[in-house]
Amino acid sequence: MLNIPKWKIFLTFIVCLYGVFIVFNNIITTKEEKKINLGLDLRGGAYLLLEIDQKAYFHEKIKILKEEIRNKLRTAKIGYSNLVIEAEKVNFNISNLKEDLNVIFKDLAKNIKITQNGKEVSISLSQLFLTEQKNKLLQQSVEIIRKRVDETGTKEPLIQPQGLARIILQVPGLEDPERLKKILGKTAKMSFHLVHPDQPIVKDLFFLPKDYLIFESAEQKDLFYLVNEKAEILGDQLNDAQVTMYQSIPQVNFKFDNEGTRKFGQITSSNVGKRLAIVLDNKVISAPVIREAIIGGEGVISGDYTLETANDLALLLRAGSLPAPINIIEERTVGPTLGADSIDSGKKAVFTGFTLVLLLMLILYKQYGLMAIIALIMNIIFIFALLSSFGATLTLPGIAGIVLTIGMSVDTNVLIFERIREESNTGKSIYAVIDQGFNQALKTILDSNITTLIAAFILFNFGTGPVKGFAITLTFGIISSMFSAIFLTRIFIYSWISFRKPKKIII
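Residues numbered from 1 in each chain as written. Predicted model: local features only at pLDDT ≥ 70, side-chain atom pairs only at ≥ 80, totals over all residues. Heavy atoms only, no water.

A. Just the overall build of the protein, in detail. Regarding its fold elements, the protein presents 12 helices and 20 strands. Here the protein has a C-alpha radius of gyration of 33 Å; the compact-globule value for 507 residues is 23 Å, and the former is much larger. If you line up the protein on its principal axes, its C-alpha atoms span 105 × 65 × 40 Å. The buried share among the 507 residues of the protein stands at 42%. Counting only contacts in the protein whose residues sit at least 6 apart along the sequence, the fraction spanning at least 24 positions is 69%. Of the roughly 27500 Å² of accessible surface on the protein, 57% is carried by carbon and sulfur atoms. Distance between charge centroids for the protein: 7 Å, based on 58 positive and 50 negative side chains. (Helix = DSSP H or I, 4+ residues; strand = E, 2+ residues; numbered from the N terminus. Rg over C-alpha atoms; globule rule 2.2 N^0.38 Å. Buried < 20%, exposed > 50% of the residue type's maximum accessible area, 1.4 Å probe, protein only. Contact = heavy atoms within 4.5 Å. Areas by Shrake-Rupley, 256 points an atom, 1.4 Å probe, with all protein chains shown as cover. Lys, Arg positive; Asp, Glu negative; His and termini not counted. Charge placed at Lys NZ, Arg CZ, Asp CG, Glu CD.)

B. Inspection of helix H11 (residues 430–462) at higher detail. Helix length check: H11, at 33 residues, gives a terminal C-alpha distance of 48 Å against a target of 48 Å (1.5 Å per residue), a fit within 8%. A maximum bend of about 25 degrees is found in H11 at Leu 442. Inspection of H11 places Ile 430, Val 433, Ile 434, Gly 437, Phe 438, Ala 441, Ile 445, Asn 449 and Ala 456 among the buried residues, and these make up the whole buried set. (Expected span 1.5 Å × (residues − 1). Bend = angle between axes of the 7 residues up to and from the residue.)

C. Region of the structure containing the nonpolar core. Of all hydrophobic cores here, the largest spans 45 residues; its most connected members are Tyr 368, Phe 417, Ile 493 and Ile 505. Listing elements by their share of this core, those giving two or more residues are helix H9 (336–389), helix H10 (396–424), H11 and helix H12 (465–500). No other element matches H9, which puts 13 residues into this core. Here Phe 417 is in contact with Met 361, Tyr 365, Tyr 368, Gly 369, Ala 372, Thr 489, Ile 493 and Ile 507, once residues within four sequence places are set aside. (Core = buried A, V, L, I, M, F, W, Y, C linked by side-chain atoms within 4.5 Å.)

D. Focus on the packing of aromatic side chains. Enumeration over the complete set of coordinates arrives at 11 aromatic pairs. With a centroid separation of 5.1 Å and an interplanar angle of 55 degrees, the aromatic rings of Tyr 365 and Phe 417 are classed as tilted. Here Tyr 365, found in helix H9, pairs with Phe 417, found in helix H10; they are 52 residues apart in sequence, far enough to count as distant. For the residue pair Tyr 365 and Phe 417, the accessibility class agrees, reading buried in each case. On the numbers, 5.6 Å between centres and 75 degrees between planes, the contact of Phe 382 with Phe 483 is edge-to-face. With Phe 382 in helix H9 and Phe 483 in helix H12, this pair connects stretches of sequence that are 101 residues apart. (Phe/Tyr/Trp six-rings, centres within 6.5 Å; stacked < 30°, edge-to-face > 60°.)

E. The sheet that holds strand E9 (residues 190–194), seen in detail. Taken together, seven strands build an open sheet; the order of strands is E10-E12-E11-E17-E16-E9-E13 and the sheet is mixed. A strand with exactly one partner marks an edge of an open sheet, and here the two such strands are strand E10 (201–202) and strand E13 (233–234). Two strands pair when backbone bridges link them, and E9 and E13 are joined in this way by two bridges, in the antiparallel orientation. If you follow Phe 192 over to E13, its bridge partner there is Ile 233. (Pairing = 2+ DSSP bridges.)

F. Highlighting the environment of Val 149. For Val 149, the position within the fold is in helix H5 (residues 127–151). Under the relative-accessibility criterion, Val 149 is labelled buried at 0%. Spatially, the C-alpha atoms of Val 149 and Val 103 are 46 Å apart, while their sequence positions differ by 46 residues.

G. Representation of the sheet that holds strand E4 (residues 89–94) in the model. Spatial strand order, E3-E4-E6-E5: four strands in an open sheet with antiparallel pairing. Two strands in the sheet have a free side with no partner beyond their single neighbour: strand E3 (80–86) and strand E5 (112–117). Along the sheet, successive strands turn relative to each other by an average axial angle of 20 degrees, direction set aside. In this structure, E3 lies alongside E4, joined through five bridges in antiparallel fashion. In the strand pairing of E4, Tyr 80 is matched with Ile 94. Relative to E3, helix H3 (residues 54–75) is tilted by about 170 degrees, and along the sheet it contacts E3, E4, E5 and strand E6 (120–125). (Axes fitted to C-alpha atoms, helices over the stretch in contact; angles between N-to-C directions.)

H. The environment of Leu 364, seen in detail. Structurally, Leu 364 is set in helix H9. Overall, Leu 364 belongs to the partly exposed group, its relative accessible area being 42%.

I. Representation of the pairing of strand E18 (residues 298–301) within the structure. Because side chains alternate across E18, one face comprises the buried residues Gly 299 and Ile 301, and the other comprises Glu 298 and Val 300, none of which is buried. Examined bridge by bridge, strand E15 (residues 249–256) and E18 share four bridges and lie antiparallel to one another. Bridge pairing links Phe 254 to Gly 299 in E18.

J. Structural view of the pattern of salt bridges. Inspection of every chain in the model, using the stated rule, returns nine salt bridges. A salt bridge links Arg 421 to Glu 418; the nearest nitrogen and oxygen atoms lie 3.3 Å apart. Highlighted residues: Arg 421 and Glu 418, both in helix H10, separated by three residues, approximately one helical turn. Across the pair Arg 490 and Asp 435 runs a salt bridge whose closest N-O atoms are separated by 3.3 Å. With Arg 490 in helix H12 and Asp 435 in helix H11, this residue pair connects regions lying 55 residues apart in the sequence. Using a relative accessible area of 30% as the deciding quantity, one classes Asp 435 as partly exposed. (Salt bridge = Lys/Arg side-chain N within 4 Å of Asp/Glu carboxyl O.)

K. Representation of the side chain of Ser 286 within the structure. Take Ser 286: it is sitting in strand E17 (residues 283–286). Using a relative accessible area of 12% as the deciding quantity, one classes Ser 286 as buried. Look past the residues within four positions of Ser 286 in its chain and what remains in contact with it is Leu 276, Ala 277, Ile 278, Ile 301 and Ser 302.

Distances and angles like these do not, on their own, reveal function.
The following block contains the structure:
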């Protein structure tokens, strides 16, 4: 007597019901977030090749190094002159060197290279430091770009480093590439500076006061502010930024973290009546007068904003500033028509493969072949259900993985049927034949599929976007095909035998 544990039947039924529900929901729903994510090659979208401006980044590092050198020379009471930056090096002359320069700059030993010729000294960044910073710069840039793209609501972007200075960005289904380019093009380096108390707005300036800089207004052309070069608070101390409406006018509410809140409270309480400039990428976006001390760590940026520009500003503040400017050096657009053609080609490939397998299985295994076909249909449903449930992206190589899975799924059933056919010639009872057939085939099925799973795992971890798409559908296909063969096909055969009660199983 064939006996299948009730929990196996119940589990199989629940899994099949879940798979059918998910796929059916994908077909009828109009909500984008509930549908299977389509890759750039299927959905269309934008391809951008970004380049990090390493030159600007390291120029800032050299400027910081120059100030560190100045401070250390003063601390060591060493006379110097002509401290300048030339060709990304800090050059200066020394007059009364009291000890070895390597001892004076021992804290910077790993980061700098010192060249001395008599009284002439040249200090540059070391090669080790440059390599470390390039890696760090790349990782930070990728992370900030990912945050900015995610904030726009775009699903499943591909962000992939290319070397140490370039980043590939693929955004499927992008409807407004110009807005994304503007968001990516802004460094979004934000800081808060006190404005000059006597001459906040620059008109006729014949000389620049010490410790002050001129920044242009972001809202009004030909308007310039005279602000202190020292930043009182940096934008990385912001905790959140959201758009709110005040009298139907969009504005951006921002909030500092604990350290920023403390600093903001001290600055506003000791500078009541003065202007505080909010500087974004070297432009003043707002310069309000401090009316009273702001203890809560919250503020408002208002101006001539539309809802979209206010949202973009809040997005940039939330995502954080890029460590270096990003330049777009290549741009390609994949049209939705091309994506639709790819989907049609993929459908034809799946349908053709499925039809050929259907005919072959029916010819070779008759009614048992029909059971395998039903299991195969459920296998394909399981793949799409897994793609939807895990939020994975379906690409054109992914469709190739599905076609391959169809063949592998049938191969699993062929192994089972051939084992049953061999056991049926041993004279055992029909129940023992089926059990032995499945048990003997299971070893081979696990060996071959686990090996393929390992290969798919390696492809996913070390491959690029298209290769990952193939690896994902292959992995889901292997898991679902094993489930379909081991559980679903077995239940079908057991149910058939229990219903027809043949004296001998013939495959």
